[in-house]
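# Per-entry structural report
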Amino acid sequence: MTEMGGVLSEQRGLDGKCLLVTGGAGVIGSAVARGLAAAGARVAIADMAADETQKVAASIGPQATGLAVDITDEASVDNCVATAALKMGGLHGLVHCDAFDQPTKFLETDLATWEKTVDVNLTGTFLCCRAVSRHLAKQGAGVLVLLTSATGERPEPGNLTYSASAAGVINLMWSIAIEMAPCGVRANAIVPRPTETHQCFLPQNVLNLPGQPEDVVNAAVFLLSDEASFITGMTLHVDGGISQAGYMVAPLK
Amino acid sequence: MFNLTGKRVVITGGGGGMGTIIARRFHASGAVVIVADLNENAARNVAAEWGAPDDGFMVDVTSEASVVAFFRRAADRLGGLDAIVHCPGITVGKPFVDQTLEDWRRVIAINLRGTFLCCREAARIMCSAGGGSIVTIASSAAHRASVNICSYSASKAAVANLTRGIALELAQFGVRANAISPGPTDTEFVTRNHSAARRAEFNAHVPMGRYGRPEEMAAAAAFLCSDAARSITAEVLHVDGGLVPAGLLK
């Protein structure tokens, strides 16, 4: 395991925590799982394909477990969460990294694409958060971290389906933060750097650094830890300032 | 949790309140800290906690001459500058129609002009040195309508916007700038001055049902100045128990 930034070295800020990572077989999800484990947590890695998650788990070590889940299926989600809690000997939080993204222009978007996008991105998030939160509420503590997208704040042209679902996820996160606070549960979101396919409007003067998964990992570890004990309802942008760049990037000449 | 070993940091407004807690946290995390405050004795006393009273300085953040001179001395003493956490801020609690021009000017001078001057001087050092981290303190009041603190709210909204502008302009020099927006926070001043009724009202609006602790703001500042936050800039980090997404401030 590599040391990533200042967060995961020295003090293991997630020692003793048991955390579920959905979408854990993906590029970001598996990096998150690795990072949480490096910070001292036990991790359950869940995704569509059990063998993929088990591969990731095996590469991390005995503190990791691989599980299969279909996040659009209520029973599958509830079962996955229960199994994760059982196998880890507890459950203290969720990092939700699953998403479906198929850009299509508005007038050309068919209903099936719309429904699948909403189903995976919004309903899937709802189901995972609800199942985990039910568990967390019983013990009066826990943290949810949702990976979302800047397109949820300002839509991406030619990708209104994904953008709308991302906006829904952010709003859902606010509601969860508000409703679950009395139960001792915090909820926050992370906006990563856009992937290659979405780099349409990159202003010149934002931080141009490689290493996208590490930035998400560091943010997730921070938000899950006690260092973020008063942070809830926050959308944390780790995208070099891109989403904050607005429309004025240089003085008019 | 955040390794700030060797980072050279200025904490303005470090002589009391949130600034002192932040200075202590940065020192504990391994940073070399200069504590600056309008009250020189207070600044020196904080730095004396770790045996370095000469790392406490006086600065009047409303005075360009004072700020320029201070940063020159600070950079000299530290051999450079890696981060600044700028904490000074005041409020005036009066209905809008009763706020005087003097009230307005004072709040804007300390909260906004002070932020501008200190960030500018810090940035001038950091840009020519290849990078750094600027952290300002805005407020939950910057983001929602509030009552009886119009000059404070406006100044803090301006601080948040200014911080974003700084971030975008200085990204090319490797300098990051972020604001922290606390909700009601239990500094000594607040603990002394907020009545039970006022506390109850705030608690009713904060989803987490309590005030923040200054240590929680310090943790956020330490995170933002650490390498773990290297891709975070132009951000407003809300450390408010969910207050901003939760609705209207009273």
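This structure is a prediction, so every number in the text was calculated from the model and none was measured. (Residues numbered from 1 in each chain as written. Chains lettered and ligands numbered in written order. Predicted model: local features only at pLDDT ≥ 70, side-chain atom pairs only at ≥ 80, totals over all residues.)

## Remarks on the overall build of chain B
Scanning chain B for helices and strands turns up nine helices and seven strands. For a compact globule of 250 residues, the expected C-alpha radius of gyration is about 18 Å, and chain B comes in at 17 Å, within 12% of that figure. Oriented by its inertia axes, the alpha-carbon framework of chain B measures out at about 50 × 35 × 35 Å. Buried residues in chain B amount to 58% of all 250 residues. The contacts in chain B between residues at least 6 apart in sequence include a share of 70% that link residues at least 24 apart. (Helix = DSSP H or I, 4+ residues; strand = E, 2+ residues; numbered from the N terminus. Rg over C-alpha atoms; globule rule 2.2 N^0.38 Å. Buried ≥ 20, exposed ≤ 12 C-beta atoms within 10 Å, placed from the backbone. Contact = placed C-beta atoms within 7 Å.)

## Notes on the confidence of the model for chain A
Residue and element names in this part refer to chain A. On average, residues of chain A score 89 in pLDDT, and 87% of them are at 70 or above. The model gives residues 1-6 a pLDDT under 50, and that stretch makes 18 contacts with residues more than four places away or in other chains. pLDDT under 50 marks residues 248-253. Its contacts with residues more than four places away, or in other chains, come to four contacts. (pLDDT = per-residue confidence, 0-100.)

## Here's the deal with unusual backbone geometry
Most peptide bonds are trans, and most residues other than glycine sit at a negative phi. The backbone of Asn148 of chain B sits at a positive phi, close to 75°, despite the residue not being glycine. A positive phi angle, near 65°, is found at Ala234 of chain B, a position not held by glycine.

## A short note on the interface of chain B and chain A
Chain B puts 34 residues into the contact, and the matching count from chain A is 36 residues. For the side of chain B that touches chain A, the residue count by class is 17 nonpolar, ten polar and seven charged. (Nonpolar A, V, L, I, M, F, W, Y, C, P; charged D, E, K, R; others polar.)

## Brief notes about the sheet that holds strand S5 (residues 132-137) of chain B
Residues and elements named next belong to chain B. Reading across the sheet, the seven strands line up as S3-S2-S1-S4-S5-S6-S7 and stay open at both edges, with parallel pairing between neighbours. Taken across any chain shown, the strands that pair with only one partner, and hence form the sheet edges, are strand S3 (56-58) and strand S7 (236-239). Between one strand axis and the next, the sheet turns through 20° on average, direction left out of account. Note: strand S4 (residues 83-86) against S5, four bridges, orientation parallel. The residue bridging Ala83 from the neighbouring strand is Ser133, located in S5. Against the sheet, helix H3 (residues 64-78) engages strand S1 (8-12), strand S2 (32-37) and S3, with an angle of about 160° to S2. (Pairing = 2+ DSSP bridges. Axes fitted to C-alpha atoms, helices over the stretch in contact; angles between N-to-C directions.)

## Here's the deal with the packing of helix H1 (residues 17-28) of chain B against helix H8 (residues 214-225) of chain B
Residue and element names in this part refer to chain B. Closest axis-to-axis distance for the H1/H8 pair is 9 Å, and the angle between their directions is 50°. By the criterion of interaxial angle, the relationship of H1 to H8 is oblique. Viewed along their axes, H1 and H8 form a crossing whose handedness is right-handed. Contacts from Met18, Ile21, Ile22, Arg25 and Phe26 in H1 reach Pro214, Glu215, Met217, Ala218, Ala221 and Ala222 in H8. Among the residues forming the contact of H1 with H8, the class breakdown is nine nonpolar, no polar and two charged. (Parallel < 35°, antiparallel > 145°, perpendicular 65-115°, else oblique. Left-handed = near helix turned anticlockwise from the far one by under 90°.)

## Let's talk about the pairing of strand S6 (residues 175-182) of chain B
Residue and element names in this part refer to chain B. The element S6 is extensively covered by neighbouring structure, given that eight of its eight residues are classed as buried. Residues Val175, Ala177, Ala179 and Ser181 line one face of S6 and the alternating positions Arg176, Asn178, Ile180 and Pro182 line the opposite face, and both faces are buried. In terms of strand pairing, S5 meets S6 through six bridges, oriented parallel. Bridging across to S6, Thr136 finds its partner in Ala179. Each parallel crossover has a hand, and the one from S5 via helix H5 (residues 150-170) to S6 is right-handed. Across four bridges, the pairing between S6 and S7 is parallel. (Right-handed = clockwise from strand over helix to strand, strands pointing away.)

## Section: the environment of His143 of chain B
Residues and elements named next belong to chain B. Along the chain, the position of His143 falls in the loop between S5 and H5. C-alpha of His143 to C-alpha of Arg24: the two residues are 119 residues apart in sequence and 29 Å apart in space. Contact partners of His143, with chain neighbours within four places excluded, come to Ser181 and Val244.

## Things to note about helix H1 (residues 27-38) of chain A
All names here are of chain A. Relative to the 16 Å expected for twelve residues at 1.5 Å per residue, H1 spans 17 Å between its end C-alpha atoms, a close match to the ideal helical length. A large share of H1 lies buried, amounting to eleven of its twelve residues. Along H1, the residues that are buried comprise Ile28, Gly29, Ser30, Ala31, Val32, Ala33, Arg34, Gly35, Leu36, Ala37 and Ala38. Within two residues after H1, Gly40 carries a phi angle of roughly 105°, on the positive side. (Expected span 1.5 Å × (residues − 1).)

## A few points about the packing of helix H4 (residues 101-129) of chain B against H5 of chain B
All names here are of chain B. The interhelical angle for the contact between H4 and H5, taken along N-to-C directions, is 15°, at an axis separation of 9 Å. Regarding the angle of H4 to H5, the classification is roughly parallel. Note on packing geometry: the crossing formed by H4 with H5 is right-handed. Facing Asp103, Trp104, Val107, Ile108, Asn111, Leu112, Thr115, Phe116, Cys119, Ala123 and Cys127 of H4, the residues of H5 in contact are Ser151, Tyr152, Ser155, Lys156, Ala158, Val159, Leu162, Ile166 and Leu170. Looking at the contact of H4 with H5, its residues break down into 14 nonpolar, four polar and two charged.

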